[in-house]
Amino acid sequence: MDTPLASTPADDGYRMPGEFEPHSGCWMAWPERPDNWRENARPAQEAFAAVAEAIHVSDPVTIAVSNAEHDRARALLSPGIRLVRLPSNDAWMRDIGPTFVTGANGGLRAVDWRFNAWGGDHDGLYDPWDLDDEVAAQIARIEGVERYRAPFVLEGGAIHVDGEGTVYTTEECLLSPGRNPKLSRASIEAGLKRYLGARKVLWIPRGVHLDETTGHVDNLIHVCAPGVVALTWTDDRTDPQHERSREAFECLSAARDARGRAIRIVRLPMPGPLTMTRAEAQGIETADNGMVREGGERLAGSYANFYIANTRVVFPLLDERNDATAAAILAGLFPDRQIVGVPGREILLGGGNIHCITQQVPA
């Protein structure tokens, strides 16, 4: 089972389901990297624990954790949350974990993307990333499923799907020189179709302003149902995000999905703008091959970075001026699910949010 399949999901009749389809579980990873998470990751660990508890009410949660942090994680989490001793370089399970695909007969398999820390030697965020690149294969083994090893670099946060043949991504991310410089747009599009079992790729120009993942689509939009997309939005024309969101709105408005549907776009207010405080930055260690954090730098905050669980939607609380509005919009999008807000600033300080730290396992 450790040997990757020689075929592709499309060859075998497998597809990536929409996140809104039923789950059998959710994977996360425990944060501990001191050059990304302040104060030896203690505040971030409490934030991750709160997210895990909120999701666990709906979806069984498994968390990958190092030997060194196992006991602390166990003390902070409910007994029903499973811990697995599995080391990683950092804690972005959406990006380092497998993308699960399902077959028409109900089978489950994993796609193991190549990972290079969001840009490798060109503009990657840290080095080494070898442990991260091994996580997907390890999770496939733990889940007892066969896996495909994709022949190109991609992170789970770089894609959204509707489960009916449509993939959403950004040009800024997948065409960035640090990922697959020898592959053309057409080659990457063909790879997405083969490894996600999809028929159409919708390319959005850019992601959220100053997103250090180089424009992950999951920080800009969320596919809430087939043909329905929530989009990060600001009416402030002086904000750099306005142009990016307007580009995305125009792109999606002109598009049709794999089934020929026009796309309904629901605008989610952008929190902030939010910035890292000097005190927060001072709590982060510096490392030769790690990330650089400075007080005053803008954070790529977004309410679109939420997780759709079986019975609830767990979203980040980021700005008390906009949290309630975001919750009300999500309630309209998901009338059959409970909308649960969890404080998300500590996660945002590390460069992402709730969607970035979770990976669903389809039922």
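Residues numbered from 1 in each chain as written. Predicted model: local features only at pLDDT ≥ 70, side-chain atom pairs only at ≥ 80, totals over all residues. Heavy atoms only, no water.

Let's shift gears to the overall build of the chain. Helix and strand content of the chain: twelve helices and 19 strands. Over its C-alpha trace the chain gives a radius of gyration of 19 Å, about what one expects of a compact globule, namely 21 Å for 363 residues. Viewed in the frame of its principal axes, the chain has a C-alpha envelope of about 50 × 50 × 45 Å. Counting every position in the chain, which comprises 363 residues, the buried fraction comes to 59%. When contacts within the chain are restricted to residue pairs at least 6 apart in sequence, long-range pairs at least 24 apart make up 75% of them. When the accessible surface of the chain is split by element, carbon and sulfur atoms take 48% of a total near 13,700 Å². Computing the positive centroid from 37 side-chain charges and the negative centroid from 51, the chain places the two 5 Å apart. (Helix = DSSP H or I, 4+ residues; strand = E, 2+ residues; numbered from the N terminus. Rg over C-alpha atoms; globule rule 2.2 N^0.38 Å. Buried < 20%, exposed > 50% of the residue type's maximum accessible area, 1.4 Å probe, protein only. Contact = heavy atoms within 4.5 Å. Areas by Shrake-Rupley, 256 points an atom, 1.4 Å probe, with all protein chains shown as cover. Lys, Arg positive; Asp, Glu negative; His and termini not counted. Charge placed at Lys NZ, Arg CZ, Asp CG, Glu CD.)

We now examine the sheet that holds strand β19 (residues 359–362). Read across the sheet, four strands follow the order β4-β3-β2-β19 without closing on themselves; strand pairing throughout is mixed. The open sheet terminates on both sides in strands that have one partner only, identified here as β4 (82–85) and β19. Going across the sheet, the axis of each strand differs from the next one's by a mean of 25°, ignoring polarity. Two strands pair when backbone bridges link them, and strand β3 (residues 61–65) and β4 are joined in this way by four bridges, in the parallel orientation. Across the sheet, the residue bridging to I63 is L83, located in β4. Sitting on the sheet, helix α2 (residues 42–56) touches β2 (23–29) and β3, and the angle it makes with β2 is about 175°. (Pairing = 2+ DSSP bridges. Axes fitted to C-alpha atoms, helices over the stretch in contact; angles between N-to-C directions.)

It is worth spelling out the sheet that holds strand β13 (residues 264–269) at this point. Spatial strand order, β11-β12-β13: three strands in an open sheet with mixed pairing. Two strands bound the open sheet, and with one partner strand each, they are β11 (221–225) and β13. Neighbour to neighbour, the strand axes of the sheet diverge by 30° on average, direction disregarded. With six bridges joining them, strand β12 (residues 228–233) and β13 adopt parallel strand pairing.

Attention now moves to the side chain of N305. Mapped onto the fold, N305 is located in the loop between β15 (298–299) and β16 (307–308). Look at N305 and you get buried, because its relative accessible area is 0%. Of the polar contacts made by the side chain of N305, one reaches the backbone nitrogen of C356; its length is 3.2 Å. When near neighbours in sequence (up to four residues on either side) are disregarded, N305 contacts D218, N219, P316, G352, N353, I354, H355 and C356. (Polar contact = N/O pair within 3.5 Å; in protein donor to acceptor, adjacent residues only side chain to side chain.)

Let us now look at unusual backbone geometry. The omega torsion of the bond from D127 to P128 falls at 5°, within 30 degrees of zero and hence cis. As for its position among the elements, P128 is in the loop between α5 (120–123) and α6 (130–143). Looking along the chain, the bond that leaves G272 and enters P273 is cis, with omega of 15°. With phi around 55°, N40 is a residue other than glycine that occupies positive phi space. Its location among the elements puts N40 in the loop between β2 and α2. The partly exposed category is assigned to N40, whose relative accessible area is 46%. With phi around 70°, A41 is a residue other than glycine that occupies positive phi space. By the secondary structure assignment, A41 is in the loop between β2 and α2. A relative accessible area of 0% means that A41 is categorised as buried.

Moving on, we come to helix α11 (residues 323–333). For α11, the complete set of buried residues consists of D323, A326, L330 and L333. The buried side chains of α11 occupy one side of the element, clustering within an arc of 85° when seen end-on. When the buried face of α11 is taken as reference, the exposed residues oriented beyond 90 degrees from it are A324, A328 and G332. On its buried face, α11 is in contact with β11, β12, β13, β17 (312–317) and β18 (338–343). (Arc of directions from axis to C-beta.)

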